[in-house]
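Residues per chain, in single letters:
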Amino acid sequence: MEDGSVGGRATPRYVRANLMTGVTYMIPFVTIAGVFQAVGYTLGNSTTIGGDIGTLPWYLVTVGSVALNAMVPVLGGFVAYAVADRPGFAPGFVLAALVHDPRLVQATATLLGVDTGDAQAGYLGALIVGLLAGVTTEWAKDRNAPSVLRPMVPVLAIPVGVTAVLGPVALILGVPLALTMNSVEALLRGASLPVLVAVGGTLGAMMALDLGGPVNKVAYVFAVGLLPELMFRPMAAVMVAGMVPPLGLAASHLLVPSRYPDVDSSQPKAAIVAGLSFVTEGALAYTTQNAGRSSLSCVAGGAVGGAASMALGVTMPAPHGGLLVVPLANRPLAFLGCIALGAATTAVVATVRRPKIDTPRTPQGE
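Residues numbered from 1 in each chain as written. Predicted model: local features only at pLDDT ≥ 70, side-chain atom pairs only at ≥ 80, totals over all residues. Heavy atoms only, no water.

Chemist: Tell me what's going on with the overall build of the protein chain, and back it up with residues and numbers.
Modeler: When helices and strands are tallied, the protein chain shows 12 helices and zero strands. In the protein chain, the succession of α and β elements from N to C terminus is α-α-α-α-α-α-α-α-α-α-α-α. Here the protein chain holds 366 residues, and the buried ones make up 48% of them. Split by element, the accessible area of the protein chain, about 16,700 Å² in all, is 67% carbon and sulfur. (Helix = DSSP H or I, 4+ residues; strand = E, 2+ residues; numbered from the N terminus. Buried < 20%, exposed > 50% of the residue type's maximum accessible area, 1.4 Å probe, protein only. Areas by Shrake-Rupley, 256 points an atom, 1.4 Å probe, with all protein chains shown as cover.)

Structural data, given as structure tokens:
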């Protein structure tokens, strides 16, 4: 359970911390999915798991797909774990898996007289049912049980009981959540160019706003959640915007080093490697000083890069990988061009807004 949760379990800060814990544990699954699928698609030149069964590309894509499908239950499980520790993990995992299964969601929708198609609650559902499972488990842990039964409470009574009680609730919640995801997908599929530009700019700005923080993770999870629906434009915009801040600030540092006396001279190399690897946190070293100026330049570059990517119709089927997955983009040169445009925007804004700082000279004899 998160520190400081007692007496503040309903506060936005407490909820955000628990949601972020789930996202943090989910990221390695995203990385596995991205790398394996990127290599598999590149070697096999195929976008279907069933093609060329038994070959190395088929194996790599299949492993990536397994990791991609596991991300939603893992997200729900670790959100519940953040709230209620180990007893909450299994209920959160199972409930998230329930709302992620389109067959179960559709069956529940049919009983309610609603048509959800083949939609699923996805990441939005995992966040909500994971939080619900965690809060319920934490409440159940506070109940007194006979001493003879206490050893069974955390491993049997609570996981089974919470899952049994919340299973139907999760499925019912999955229906409106699936309809919400349907609406979002329909909006994006039929969006006009100005709407696509606005969505790309918003996602790009969110990716660059806090450099790996909660806002960044929200944009990233949104894009990853659309991959199973074969909607790859948002993922491209998010990846472009996530690579821009480290690359743009490194470029500014290399071009005008006199503006960065407070940053180690070797930092541009590290930032470039991070940027090319889609590690937005590589720009954090530049935000410890003059944070406002650096953050504005990152947001500007991320928004420009994301908007350009959506406007040009660039797609990216892999959830991670950076430079490694460029060949998977439908328009690799356009993908690289959007990164360059965003990075250039960040570099220009950072250079203009960051004042030249003269390093004071040490008097002789001191």
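What follows continues from the structure just given.
Chemist: Lay out a nonpolar patch on the surface with the relevant residues and their values.
Modeler: Judged by side-chain polarity, Val-35, Val-39, Leu-43, Leu-56, Tyr-59 and Leu-324 come together as a nonpolar surface patch covering roughly 520 Å² of accessible area. Residue assignment for the nonpolar patch shows that the elements contributing at least two residues are α1 (12-44) and α2 (56-84). In terms of residue count, α1 provides more of the nonpolar patch than any other element does, three residues in total. Exposure remark for Val-39: the relative accessible area of 30% places this residue in the partly exposed category. (Patch = residues over 30% accessible without salt bridge, like charges linked within 9 Å, V, L, I, M, F, W, Y side chains within 5 Å. Salt bridge = Lys/Arg side-chain N within 4 Å of Asp/Glu carboxyl O.)

Chemist: Lay out α2 in plain terms, naming residues and giving numbers.
Modeler: Counted at 1.5 Å a residue, the expected span for α2 with its 29 residues is 42 Å, and the 41 Å between its end C-alpha atoms agrees. For α2, the principal kink sits at Met-71 and spans about 35°; a proline, Pro-73, occurs within the next four residues. One or two positions beyond α2, positive phi appears at Asp-85, with a value near 65°. (Expected span 1.5 Å × (residues − 1). Bend = angle between axes of the 7 residues up to and from the residue.)

Chemist: Explain the pattern of salt bridges to me, using residue names and the numbers behind them.
Modeler: Summed over the entire model, instances satisfying the criterion amount to three salt bridges. For Glu-281, the salt bridge identified is with Lys-217, shortest N-O distance 3.8 Å. One end of the pair, Glu-281, is in the loop between α10 (267-276) and α11 (291-312); the other, Lys-217, is in helix α8 (residues 214-225), with 64 residues separating them in the sequence. The class of Glu-281 is partly exposed, set by a relative accessible area of 32%.

Chemist: With reference to specific residues and values, describe the nonpolar core.
Modeler: Counting 71 residues, the largest nonpolar core has Met-235, Met-316 and Phe-335 as its most contacted members. If you tally residues by element for this core, the top one is helix α9 (residues 233-255), at 10 residues. Excluding residues within four positions of it along the chain, Met-235 makes contact with Tyr-220, Ala-223, Val-224, Leu-227, Met-316, Ala-318 and Pro-319. Grouped together as the second largest cluster of nonpolar side chains are 11 residues, Leu-249, Ala-250, Cys-298 and Ala-350 included. (Core = buried A, V, L, I, M, F, W, Y, C linked by side-chain atoms within 4.5 Å. Contact = heavy atoms within 4.5 Å.)

Chemist: Summarise unusual backbone geometry; cite the residues concerned and give the values.
Modeler: Of note, Leu-211 is a non-glycine position whose phi angle comes to about 50°, a positive value. Relative to the assigned elements, Leu-211 resides in the loop between α7 (193-209) and α8. Accessibility expressed as a relative area gives 6% for Leu-211, which makes it buried.

Chemist: Now, about the side chain of His-253: what can you tell me, with residues and values included?
Modeler: Relative to the helices and strands, His-253 resides in helix α9. Those residues in contact with His-253, other than ones at most four positions away along the chain, are Tyr-260, Val-263, Asp-264, Ser-265, Pro-268 and Tyr-286.

Chemist: Summarise the packing of aromatic side chains; cite the residues concerned and give the values.
Modeler: As enumerated under the stated definition, the model contains seven aromatic pairs in all. Ring geometry for Phe-89 against Phe-93: centres 5.9 Å apart, planes inclined by 40°, an arrangement best described as tilted. Note that Phe-89 and Phe-93 are positioned in helix α3 (residues 86-100) at a spacing of four residues, about one turn of the helix. Aromatic pair Tyr-260 and Tyr-286: ring centres 5.6 Å apart, planes at 90°, arrangement edge-to-face. Of this pair, Tyr-260 sits in the loop between α9 and α10 while Tyr-286 sits in the loop between α10 and α11, placing them 26 residues apart in sequence. Comparing Tyr-260 with Tyr-286 shows no difference in burial state: the two are buried. Taken together, Tyr-25, Phe-78, Tyr-81, Phe-89 and Phe-93 form an aromatic cluster joined through their ring pairs. (Phe/Tyr/Trp six-rings, centres within 6.5 Å; stacked < 30°, edge-to-face > 60°.)

Chemist: A description of the packing of α3 against helix α5 (residues 122-141) should follow, citing residues and the corresponding values.
Modeler: Here α3 crosses α5 at 150°, and the two axes come no closer than 8 Å. Of the possible angle classes, the one that applies to α3 and α5 is roughly antiparallel. Handedness of the α3/α5 crossing: right-handed. Packed against α3, whose contacting residues are Pro-87, Gly-88, Pro-91, Gly-92, Leu-95, Ala-96, Val-99 and His-100, the element α5 presents Gly-122, Gly-125, Ala-126, Val-129, Ala-133, Thr-137 and Lys-141 at the interface. Taken together, the residues of the contact of α3 with α5 sort by class into eight nonpolar, six polar and one charged. (Axes fitted to C-alpha atoms, helices over the stretch in contact; angles between N-to-C directions. Parallel < 35°, antiparallel > 145°, perpendicular 65-115°, else oblique. Left-handed = near helix turned anticlockwise from the far one by under 90°. Nonpolar A, V, L, I, M, F, W, Y, C, P; charged D, E, K, R; others polar.)

Chemist: So what's going on with the packing of α9 against helix α12 (residues 332-353)? Which residues, and what values?
Modeler: Running from N to C, α9 and α12 cross one another at 40°; their axes reach a closest spacing of 7 Å. Considering the angle they form, α9 stands oblique to α12. The handedness of the crossing between α9 and α12 comes out as right-handed. Across from Ala-236, Met-239, Val-240, Met-243, Val-244, Pro-245, Leu-247, Gly-248, Leu-249, Ala-251 and Ser-252 in α9, the residues of α12 making contact are Phe-335, Cys-338, Ile-339, Gly-342, Ala-343, Thr-346, Ala-347, Ala-350 and Thr-351. Taken together, the residues of the contact of α9 with α12 break down into 15 nonpolar, five polar and no charged.

Chemist: Quick one: what's the story with the confidence of the model for the protein chain, residue by residue and with numbers?
Modeler: Confidence along the protein chain averages 83 in pLDDT terms, with 87% of residues attaining 70 or more. pLDDT under 50 marks residues 1-8. Its contacts with residues more than four places away, or in other chains, come to 15 contacts. (pLDDT = per-residue confidence, 0-100.)

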